[in-house]
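Tertiary structure, described
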Amino acid sequence: MALEHAILVSLTEHSGSGYELARRFDKSIGFFWTATHQQIYRVLKRMHEAGWVDGVEVEQDGRPDKKVYSVSTAGHAELSRWIAEPTQPGQLRDELAIKIRAAEHGDVAALIDEVARHRDSHAERLDHYRRMEKRDFAAPEQLSGSPLHQYLVLRGGIRVEEGFTEWCEEVLAALERSTRR
């Protein structure tokens, strides 16, 4: 996926300035696709030049004017084309998995600490996702349209974090058993 498509998705949900988009990436869509503020501004400029987004200057009191972007007709067409395009199924491509595979050639105690760190990080993200789910989607069976789609992506994130956390627990138990032998 190109950053352009992630930005188009975000802008279909709510128009915004580059700064506002960067904040959204930091808080929501960024859990699934990351970008720096500089990348977002560069890509917005390209998208504007390509006609995928429209930009309107908005005056602000006591601050510089800002440009608020929205998806153009051409941008909607591009998003529709991209949604219909086949994607490659995801793969587990994780440096931690390679480290586990090579455990017999290194410091297993250090690897156990690293796996525990990853487990804790994924458990923290899982807790965050569950709080978002409880706060933003109290009645998921009543959702439709964009809120339903946002909920479904969040559920995917929850399932991934549940699985990764459980896998780390499994790895820790096995590594700890192996060091007691």
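Notes on the structure in this doc start here. (Residues numbered from 1 in each chain as written. Predicted model: local features only at pLDDT ≥ 70, side-chain atom pairs only at ≥ 80, totals over all residues. Heavy atoms only, no water.)

1. Considerations on a negative patch on the surface
- A contiguous patch of negative charge on the surface is contributed by Glu-57, Glu-59, Asp-61 and Asp-65.
- Secondary-structure assignment places Asp-65 in strand β2 (residues 63-71).
- Accessibility expressed as a relative area gives 45% for Asp-65, which makes it partly exposed. (Patch = residues over 30% accessible without salt bridge, like charges linked within 9 Å, V, L, I, M, F, W, Y side chains within 5 Å. Areas by Shrake-Rupley, 256 points an atom, 1.4 Å probe, with all protein chains shown as cover. Salt bridge = Lys/Arg side-chain N within 4 Å of Asp/Glu carboxyl O. Lys, Arg positive; Asp, Glu negative; His and termini not counted. Charge placed at Lys NZ, Arg CZ, Asp CG, Glu CD. Helix = DSSP H or I, 4+ residues; strand = E, 2+ residues; numbered from the N terminus. Buried < 20%, exposed > 50% of the residue type's maximum accessible area, 1.4 Å probe, protein only.)

2. Structural notes on the packing of aromatic side chains
- Under the criterion given, the structure shown has 2 aromatic pairs.
- Between Phe-137 and Tyr-151 the ring centres are 5.4 Å apart and the planes differ by 55°, which places this aromatic pair in the tilted class. On the criterion of sequence distance, the pair formed by Phe-137 in the loop between α6 (108-136) and α7 (145-179) and Tyr-151 in helix α7 is long-range, its members being 14 residues apart. Residue Phe-137 shares its accessibility class with Tyr-151, and that shared class is buried. (Phe/Tyr/Trp six-rings, centres within 6.5 Å; stacked < 30°, edge-to-face > 60°.)

3. What about α7?
- End to end, α7 covers 51 Å across 35 residues, agreeing with the expected 51 Å (1.5 Å per residue, within 8%).
- Along α7, the residues that are buried comprise Tyr-151, Leu-154, Gly-157, Ile-158, Glu-161, Phe-164, Thr-165, Cys-168, Val-171, Leu-172 and Leu-175.
- Along its buried surface, α7 packs onto α5 (95-101) and α6. (Expected span 1.5 Å × (residues − 1). Contact = heavy atoms within 4.5 Å.)

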